Structure formats: structure tokens, C-alpha cells
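Residue-level structure breakdown
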Amino acid sequence: MDSPPTSAGARGEPPRPPADRIRDGVLAILRGVAQVDFQPGHWTGLIFLAALFVGGWQFGAFGLLGCVTATLTAWLLGVPRDRISAGLEGFSGTLVGVGLVLYLGTSWVTALVVIGAAIGASMVNSALNVLLKSYDLPALTAPFCVVTLLMLIAAPSFHRVWVRHPRNVAPAVAHPGTAVSWTDVWHGFFNGFGQIFFQDKWYVGLIFLVGLAVSSRTVAAVACAASLIGLLMGWWLGAQAANLGAGLYGYNAVLTGIALAGTFVALGPVSLGYAAIGAATAAVTTPAITNTFGIIGGHALTWPFVLVTWVFLAAVPTLSRLRRTA
Amino acid sequence: MDSPPTSAGARGEPPRPPADRIRDGVLAILRGVAQVDFQPGHWTGLIFLAALFVGGWQFGAFGLLGCVTATLTAWLLGVPRDRISAGLEGFSGTLVGVGLVLYLGTSWVTALVVIGAAIGASMVNSALNVLLKSYDLPALTAPFCVVTLLMLIAAPSFHRVWVRHPRNVAPAVAHPGTAVSWTDVWHGFFNGFGQIFFQDKWYVGLIFLVGLAVSSRTVAAVACAASLIGLLMGWWLGAQAANLGAGLYGYNAVLTGIALAGTFVALGPVSLGYAAIGAATAAVTTPAITNTFGIIGGHALTWPFVLVTWVFLAAVPTLSRLRRTA
Amino acid sequence: MDSPPTSAGARGEPPRPPADRIRDGVLAILRGVAQVDFQPGHWTGLIFLAALFVGGWQFGAFGLLGCVTATLTAWLLGVPRDRISAGLEGFSGTLVGVGLVLYLGTSWVTALVVIGAAIGASMVNSALNVLLKSYDLPALTAPFCVVTLLMLIAAPSFHRVWVRHPRNVAPAVAHPGTAVSWTDVWHGFFNGFGQIFFQDKWYVGLIFLVGLAVSSRTVAAVACAASLIGLLMGWWLGAQAANLGAGLYGYNAVLTGIALAGTFVALGPVSLGYAAIGAATAAVTTPAITNTFGIIGGHALTWPFVLVTWVFLAAVPTLSRLRRTA
């Protein structure tokens, strides 16, 4: 990934061979996919991308489109190069693409909407990086959440955008009831990894877990524990079994668990308990956000993870038994 | 109240006798109840607690449960000891307990939900103390508002939590009409103090007023004026008489009045006028918040007070005729 | 505009002749009307005021009432004099008056509500100026948006405020359909300037455009481009034709365009593209905000402009190809 011509010239850097540029760009895109789960490696990104294509070609293709658009926007506007090559400018765009193709349907209009929304997510990402810097808080997937939520609420007002949208209903609408079966449990466990990317097939979730394990055994173990915590909280409080089986109580718990155990808070016995409480809080918060945004046509997305993780990270300086990672 | 063993050891302090520790803990809890109205004294806390038990044993018991849980959480995670002993880690938990037992019903499940929510309120409190420090703004009852609102919106999705919830309807639903009687006026005046703790019997409100007067005659006088201002604004704009009589236009005005007149803004003729405008604004804002959160199953709680007081406190540095207390 | 007696005395300034004071006050009010569109000149303010009176005497009268009330409040509380004389304390009050008379109806009660709401807008303005200073973000029309939205949501709970409110329905409710006529296009183009002040007659919008051109040809050109961008985005995505014709996709685009092209971001080829993307984003965001606030009786007001402009301004420090104006 290279900076735009004029900037590069201004910095007096020698031009790099085209093959190197292309390689840098491809790696930045793959890392962008991996960074959805805070992982820095391109191999994990490649496995995640494979999981998306297994879930459906449109998820892989539109996810890539969003990732490339957001990364290119950041590059054109002069975002620092290290952020771009680490994939930190691509992950929100990836989710924008996957989320919008799911809710608006597979069409050329959706592709153009994804391009526009990914540009918007890149703007929100840059803005949040400035606004949150003094609090030492990361933007997380908030850019994706903001832009996708606004687009979903606006969509019914736009005939061309809305005309082919599929009917997406919560699993519990088709299969109501709170009696949890063994299938709900193990499906829900794996779907907790897949639902981060809107995927609801257990084997797709398994591929995402493999991608996490390739990056770090610890992260994979934390993710498994967090997915179970989400399931347990939902089951204990009496959530709908079909929603538990679809992983809807797990995905925010998984992201919150990974964020609080090792990624942004230093690992240790107290921080593991802290991350467990955070994962449980994210699971309970999920239906609150679903019920709130549902009445205006929105979805919970990863808002519960974003809000809970911001609160738990912001509290760390007050809590002498915890400390942030460097 | 003592810090956890390892921290105490790390600070090289001598161990204190168990009787002293218990006394410190009891005082911190009582001050936690008093701090709901910004009062620092344990006698005021004891009177407030008595008022809760007069309102109903469950309000006293669940309020205590919330206060103890939030205070313990802060202590375990290493919040500075002076905040804990001043009761500043307990007041949001107290309101969490009282509010949730009112809206979810008296049951063991509610008790466990209160424990979880009070832990969450403690996290939000620590986070807000960090985030608001650079603006010199207090967290007020925002931790209670955030956690309780989320729990109320999520509750219908959780069968075990929701199954025994009582039907709480606004007084005006049962008794519609805008003709204000003398009973509405004097009941509303006292209920303005009680509704801060979700109490709607005039004599319970009177006990809370006694608790304020024990702490400070000035505070009690300000609270009386603010309760009247709230009533007058609601009456003049044509609010429902039954809601006025239940104190629903008074409680946010009372809290805002106390906060702006002497607690956070130095007393004086201009600041008294400022506090009066703040109290009136809180009263008018209350139905806006009620109507907004009502459609998703939420309640206004003390959101109007929190939002109006933040705005009026944040504005002070721009206004040369006002100054903050030290 | 003079400061209150005690402050003036404290500063040891000689008293100014009454005629000068009145002249200063009148100029501050006229600049307050012009600052709605970021323009500093009193002639532009006079033309804008004329446009309001052409739209209806009540818009001019209530707009003036709001502008005077907010400016007086700021003066009485000791806001720095340069902010007041530049009109920066009046523009939100102006919009409060125009918006509330439109939605609550022309009556003495509305006049009193406008006075109260303009005082509230002045408080929010002072608070936002403090809170946003460390991010170098302007308050924009957020004080108007906050206060007016709360008042509109609260209004149905207040019999005296609500009893004479007119039925305001979106143009597309009366005339549904997405087939855009030539009349929709040229009406929509001019109404993009008028809807900033809630005006929906093309010739009123034209007078506002004249007011902009008197202030600056560049600003007028930017506003024309932004109004067209809003129309094009709405048309392309399949918005309701009647809403396009009423200027509902243009007014937030116009304000965002003026804010990002020259007012707060230095003019240049990259920043013109940036402003164009901002204007398009504001147009797409408008129905999201309309649909969200609509279910609680609110309106989009200029929220889309405020939110989009904040994001696009906050992002500038990260983007090396853009820079803020001094």
C-alpha cells in the first residue's frame, strides 16, 4: 500500500516497484478482514474471507468491496500509512459490505450503496480516532455500526434501495419458545463466532474459530469461553431458544471477551474475571439494543460490544487492579 | 470499609480491627443512600432508608442490596477509598435496586438481576468519572439511568425476568384529565421528593424531606422551591393532573435544583435564578424523555435531571456571572 | 449591545450613549439571523428576515422573538461580548422560533414556549461551546436541534401547548410517488435554501439565495451545488418526488456544503470533493433521522447537517490532504 503520488513526492521517498505496491495492498485488505476480530495477521484474514465465501459468494464479494473501498478512501485522504497497512482502515468497511448485502439484497444498487457507506465508515473512523484519542479508547466497529444503522433506517425511504430487500426475521419469530435443545447449544456456540460477520451456519462459525486459533491459541480459548458465557446468560435469563441457537447472544460476548482479555487490557486473573463480566454484560445488552433499533427498522449489529467495551475500557484508569496494554 | 488484602498489604498499612471495618462499611452504605440526593451524612441516609421501608419492605431491601453490591464491586476492583467511604459508589446501585424491583416485581430472579445490574452500574460509574473529568462534570445518577434503562428494554426478551412483572401504568392512564385539584397540589409537592426513589405516597415524600432538612435547612428549602416550580410548570402547560399529583413533574426539578443551587454552583442571586430555570427545564424535559423511552418499554428515570444538569453545569465556564463550587 | 450594568462597572468602561446601544443590539440580532447560514453580515440577516416575513408574518415575528430572547439570555448571563455582537448567540433562537410556530401553531402560548425554549437553546449553546472546544468543533445548530426536538416530543403531554397545533404532514403523504417532474426539480433546488428556515415556497428560497450572494458569491455557488447534490442523491436512490420538490433532501446538504467548503475547511480541490461527499451524506442521512424521530413526534430539523458536519470536521486532523480554516 503506497501513499498518493503527491504526498509520496512531498516526503521525498523513492517510488516502489508496482509488484510491491500490489502485494502491500493485498496484505492490507486481508489484514482489514482479520482486524474485525482484532487479529493482525493476513493468514487469519484469508481464512475469514474463505469462511465468508462458504457462507455465500455475496458475503465474500461485498465484504471485499467494502474493505477495499474504505481502505482506498483512507489512502486517498492521507490517513497515516501504518494504520492502513495494519488493516485498521478496512475492517469496518468489510462489515458494512456483509451487513448491507444481507439486509438490502444482492444487486448492483446494493453494491453502489456499499461503496457510499464504506466511504462514510472511513470518515466516521477517522473522526472517532480523533475524538476518542484523549480517552485512549479505540473506535472498535463503531464506524460500521453508525453507517449501517443509518442506512438501514433510511432504506425504506429509497425505492431503488429497498425494492428487492429480502425479509430477514429473527429466528425466534419462526420458531418461538424458550426450551433449549442440545442442537441449540452447540450450534449457538459456533454461531457466536460466525454472527460477528452475520453468518448463521455452525460450520462457517467453525472456520472463523480456526482463523482465530491460527492467530493465537489464547485468543481462540478466550473466544470459546466468551461464546459459552453469552449462551449461559441467555439461557439462564430465559431467552428464546432459536435466537440462542443462531448465536445472537454469543457474538457480542465473543468480541467483548477478546477485546478485554489481552487485546486492550493486560491479561491476569482479575482481568479475566473483568472480561467475563464484560462478555456477560454484552450478552444481556444485546436484546436491549435489538428491541430499541428494531422499531425503526435497525438491527443490533455490534453496538452492544462497542458500548460495553467502551465503558469497561474507560473505567480501567479508576480501577487500580487492572491496567491497559501498552 | 477496607481495601482488599493484597492492596492493603501493598500499601503497607497495618490491619484494622474487624469492628472498625464493619462500622466503616455500614457508614459507606448509609452515605450511599444519602448521596442519591447529594447529601453526605449517614443520618440522612438512615432516614432515607426508613422512608424506603415505609414505602414497602421490598424497596428498602432491594435498595440496600443494590447499594451493597455496587459498593463492594468498586472496592474489589480498587476504586480510591475516599470515593467509597463518601458513599459515591453506592447511590446508583441503590436506585437500581429500587427501580428494578418496582418494574420487574419482587422475586429471587429480580434479586439476581439487581446484583448484575448494580455491578454494571459500578462499571458505568467508574467509566463516567474518567470520561467526564476533563469537563469537570459529575456522573450524577447517569450510571443508574443507563443500566436500568437497558435492563427494562431487554427484560421482555427474557422469559424468567419478565414473567412476574407487575403492570405499572402512569397515573394519568387510570385518571385522565387536566383539572388540577388541591389534593393533586399538596400530594404532588411531597411526592416530588419521594419519586426520586420511585415512591408515590405523600408521607413517604415527607420523610425524605425530613432527611434533607436534617442534612441542611438550605437544601430542604431549595428542594421545596424546586418541587413547586416543577408543579407550576406542569400545571401552566396543561399536564395531566394525576401525573402532577404523583410527583412526576417534581422529582427531576428537585434534583436539578439541589445540584445547581449550592451543590455544584456557588450560591448567589444569579445562581438561584439559574437553578430555578434549570428546575423548570427539567420539569418540561420529563415528558419528552417519558414519551421517547416509553415506546421501547423504558421509563424517564432521572434522565431529565442528568441531561439538564450536565448542560447547565457545562455552560458555567462561559457565563461570567456564575462560578462552580470548589 | 452592552454588557449588564454591574459587569460594565466592574470592567471600568465608560457608559455608551443609548442610541449606540440600540444600534449594537439591532445589528447583533440581524447577524444572529444571518449566522443560521454561517454568514456574518447584517444585510444578509435583513434579507433573510424579509424572506421569513414573505413566507408568513408569524415566521418573521417568532423568529425575531427567538433570536432576541436567546441573545438577551446570553448577555444577561455574561457570555463574552464578541460572541454576542457577531450574532453567534442568536441563530439557534431564530430557528427555535420559526420551527415551534410551524409545529405548535400561532398563539400566545407558543410565544411563551418560544421564549422558554430560546432560553434553553442559549444554555445548550454555552454548554456545547465548552464541551466541543477541546475538539475544535463548532456547536452549529445543535442547540436549536436539541431544544426543539425535546419540545416537539413533550408537546402532546401538555394540553395548552398542543391544543391548537396544526397538522403538518410530509409532502409525500399527500402526493405519493417517485416519478420526479421538472417542477419538482426546480422547486426542490430553491426550497433547499428555504427549508433551512422551514420555508417551502420556491420564491422564498430564492430570496435566501440572494441573501447568500450578497454575503459572498463563492458561498452562493457552493450552496447551489450542494442543493443540486442533495436532489441528485435523493432522485438516484428513489426518494419520494414530493419530498424532493419540497427541498427536504437539499437543506441539510446546503448547510453541510457551506460548512465544509470554505467556512471551517480551507478551500481547495480536495476539500471541494470532501464537501461534495459531505453534502451527499447529509442528504442520505436525512430520511434516517426523519424515520427515527418521526415515531416519537419529532422532526429531522437540521440534525443530519449537525451530525455529518461534526464527523467530517472531526476527521480533518487525521487526513493530511485537508486543513481547517484559521
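Because the structure is a prediction, the values reported are computed rather than measured.

Considering unusual backbone geometry
Although it is not a glycine, A:F198 sits at a positive phi angle of roughly 65°. Summarising the element assignment, A:F198 is placed in the loop between α11 (182–194) and α12 (202–215). For A:F198, a relative accessible area of 11% puts it in the buried group. One non-glycine residue, C:D136, lies in positive phi territory at about 55°.

Brief notes about the side chain of C:S227
Its location among the elements puts C:S227 in helix α13 (residues 217–237). If we ignore the near neighbours within four places in the chain, the residues touching C:S227 are C:G188, C:F189, C:G192, C:F193 and C:V254.

So, the domain arrangement of chain A
All names here are of chain A. Partitioning chain A into domains gives domain 1 (1–168) and domain 2 (171–326). The interface is formed by 36 residues belonging to domain 1 together with 34 residues belonging to domain 2. Here domain 1 packs against domain 2, burying approximately 3200 Å² in sum over the two surfaces, 77% of which is carbon and sulfur. On inspection of domain 1 and its partner domain 2, the count reaches one salt bridge. Across the salt bridge formed by D136 and R324, the nearest N and O atoms sit 3.9 Å from each other. The interface formed by domain 1 and domain 2 includes seven residue pairs in polar contact (both at pLDDT 80 or more). Taken together, the elements giving at least two residues each to the side of domain 1 that touches domain 2 come down to α3 (42–55), α6 (91–104) and α8 (142–154). Partitioning the side of domain 1 that touches domain 2 into residue classes produces 27 nonpolar, seven polar and two charged.

Some words on the packing of aromatic side chains
A full pass over the atoms with the stated rule returns 45 aromatic pairs over all chains. Note on B:Y249 and C:F158: the rings are 5.9 Å apart at their centroids and 45° apart in plane angle, and the pair reads as tilted. You can see B:Y249 sitting in the loop between α14 (241–245) and α15 (251–263) and its partner C:F158 sitting in the loop between α8 (142–154) and α9 (159–162), one on each of two chains. An identical accessibility class is assigned to B:Y249 and C:F158; each is buried. Aromatic pair C:F189 and C:F190: ring centres 5.1 Å apart, planes at 70°, arrangement edge-to-face. Look at C:F189 and you get buried, because its relative accessible area is 16%. Among the residues examined, C:F190 registers a relative accessible area of 16% and is labelled buried. Taken together, the aromatic side chains of A:W186, A:F189, A:F190, A:F193, A:W202 and A:Y203 make up a single cluster linked through ring pairs. Geometry around C:W235 places A:R160 over its ring, the cationic atom sitting 5.5 Å from the centre.

What to know about the interface of chain A and chain C
Opposite the 30 residues of chain A that make contact, chain C presents 32 residues. When the two sides are added together, the surface that chain A and chain C hide from each other amounts to roughly 2500 Å², 70% of it contributed by carbon and sulfur. If you sort the residues of chain A by the area they bury against chain C, A:L77, A:F158 and A:R160 come out on top, with a joint share of 23%. For the pair chain A and chain C, the interface holds zero salt bridges. In this assembly, chain A and chain C are joined by 10 residue pairs in polar contact (both at pLDDT 80 or more).

Description of the UniProt feature "transmembrane region" (unreviewed entry) in chain A
As recorded in UniProt, the feature "transmembrane region" (unreviewed entry) lies at residues 46–79, 91–119, 139–158, 203–236 and 302–320 of chain A. Annotated as 68% helix and 0% strand, the span residues 302–320 of chain A places its first and last C-alpha atoms 29 Å apart.

A few points about the packing of helix α7 (residues 108–131) of chain A against α8(A)
Residue and element names in this part refer to chain A. Where α7 contacts α8, the axes come no closer than 8 Å and their chain directions differ by 135°. Overall, the two elements α7 and α8 adopt an arrangement that is oblique. Remark: the crossing between α7 and α8 carries right-handed chirality. In this structure, α7 uses V113, A117, G120, A121, V124, N125 and L128 to contact α8, whose residues at the interface are A142, P143, V146, V147 and M151. For the contact of α7 with α8, a count of residues per class yields 10 nonpolar, two polar and no charged.

Each value, and the rule that gives it
- Residues numbered from 1 in each chain as written.
- Chains lettered and ligands numbered in written order.
- Predicted model: local features only at pLDDT ≥ 70, side-chain atom pairs only at ≥ 80, totals over all residues.
- Heavy atoms only, no water.
- Helix = DSSP H or I, 4+ residues; strand = E, 2+ residues; numbered from the N terminus.
- Buried < 20%, exposed > 50% of the residue type's maximum accessible area, 1.4 Å probe, protein only.
- Contact = heavy atoms within 4.5 Å.
- Domains from an automatic or database assignment.
- Buried area = accessible area lost by both parts, 1.4 Å probe.
- Salt bridge = Lys/Arg side-chain N within 4 Å of Asp/Glu carboxyl O.
- Polar contact = N/O pair within 3.5 Å; in protein donor to acceptor, adjacent residues only side chain to side chain.
- Nonpolar A, V, L, I, M, F, W, Y, C, P; charged D, E, K, R; others polar.
- Phe/Tyr/Trp six-rings, centres within 6.5 Å; stacked < 30°, edge-to-face > 60°.
- Lys NZ or Arg CZ within 6 Å of the ring centre and 35° of its normal.
- UniProt positions renumbered as here; feature names shortened; annotations may be inferred.
- Axes fitted to C-alpha atoms, helices over the stretch in contact; angles between N-to-C directions.
- Parallel < 35°, antiparallel > 145°, perpendicular 65-115°, else oblique.
- Left-handed = near helix turned anticlockwise from the far one by under 90°.

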